Amino acid sequence: MAISAIWSRTLLIACTLLGLVLASVCSALMSNASGAIFASATLITNDIIKVYVKKEMTDRDIINTSRIVILGLGGLAIIFSVWIQNILVALDMAYAILSGAIFVPLIIGLYWKRVTSKAAFYSIIASSLVIFISFIIFGITSTLPIIYGLITGLVVIIAFTLIIPENNIEVSKKDTTIYK
């Protein structure tokens, strides 16, 4: 009788500790996800929508737009999590998108002074699309999307820089912001 009591207490302690560890892991994942979604929504709202879509936005418009973008990104995160179902594969995909879409514009932007912001923007968009399509075609564990993303980014950034020069830029002497 004493052995079964000791065994049940040990099992209860082990299950309790397992539950605490699982709750801690879920808490850390949710914290990282919320930070990534909020940061992405802020970047999309302030750097894309406010600059290219709706230039005259009030503070209230920015907040409302950010909320809509957060809902959209949260929905996309749910769709991707149902599709992927493995946190390690999801991290691998995130690094593939990061390296395949951001690496070329970053390096070329640092070393080639003629590169334009439009060329870098379209390079990132085109590379991301090619990476997503490659994930669908070759599977989410393939390394080919990174290679195709790098090649696409290189071709697009060079082509857009040489074909579409950026002009009509004035730099203010008061501050270093750029007005178009």
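Structure: see above.
Residues numbered from 1 in each chain as written. Predicted model: local features only at pLDDT ≥ 70, side-chain atom pairs only at ≥ 80, totals over all residues. Heavy atoms only, no water.

1. Concerning the nonpolar core
At step 1: Counting residues in hydrophobic clusters, the biggest one holds 8 residues: Ile-84, Val-89, Met-93, Ala-96, Ala-101, Ile-131, Phe-135 and Ile-140.
At step 2: Contributions of two or more residues to this core are made by helix H3 (87-111) and helix H4 (117-138).
At step 3: Broken down by element, this core gets its largest block of residues, 4 residues, from H3.
At step 4: Leave out the neighbours within four places in its chain, and Ala-96 touches Ala-101, Ile-131, Phe-135 and Ile-146.
At step 5: By size, the runner-up hydrophobic cluster in this structure holds 6 residues, among which are Val-115, Ala-119, Ala-120 and Ile-157. (Core = buried A, V, L, I, M, F, W, Y, C linked by side-chain atoms within 4.5 Å. Buried < 20%, exposed > 50% of the residue type's maximum accessible area, 1.4 Å probe, protein only. Helix = DSSP H or I, 4+ residues; strand = E, 2+ residues; numbered from the N terminus. Contact = heavy atoms within 4.5 Å.)

2. Concerning unusual backbone geometry
As a rule of thumb, non-glycine residues mostly have phi less than zero, and peptide bonds are mostly trans rather than cis.
At step 1: Its identity is not glycine, yet Gln-85 carries a phi of approximately 60 degrees, on the positive side.
At step 2: Within the secondary structure, Gln-85 sits in the loop between helix H2 (59-84) and H3.

3. Focus on the pattern of salt bridges
At step 1: If you walk through the whole model with that rule in mind, you get 1 salt bridge.
At step 2: Ionic pairing is found between Asp-61 and Lys-54, a salt bridge with its closest N-O pair at 3.6 Å.
At step 3: A relative accessible area of 23% means that Asp-61 is categorised as partly exposed.
At step 4: Look at Lys-54 and you get partly exposed, because its relative accessible area is 40%. (Salt bridge = Lys/Arg side-chain N within 4 Å of Asp/Glu carboxyl O.)

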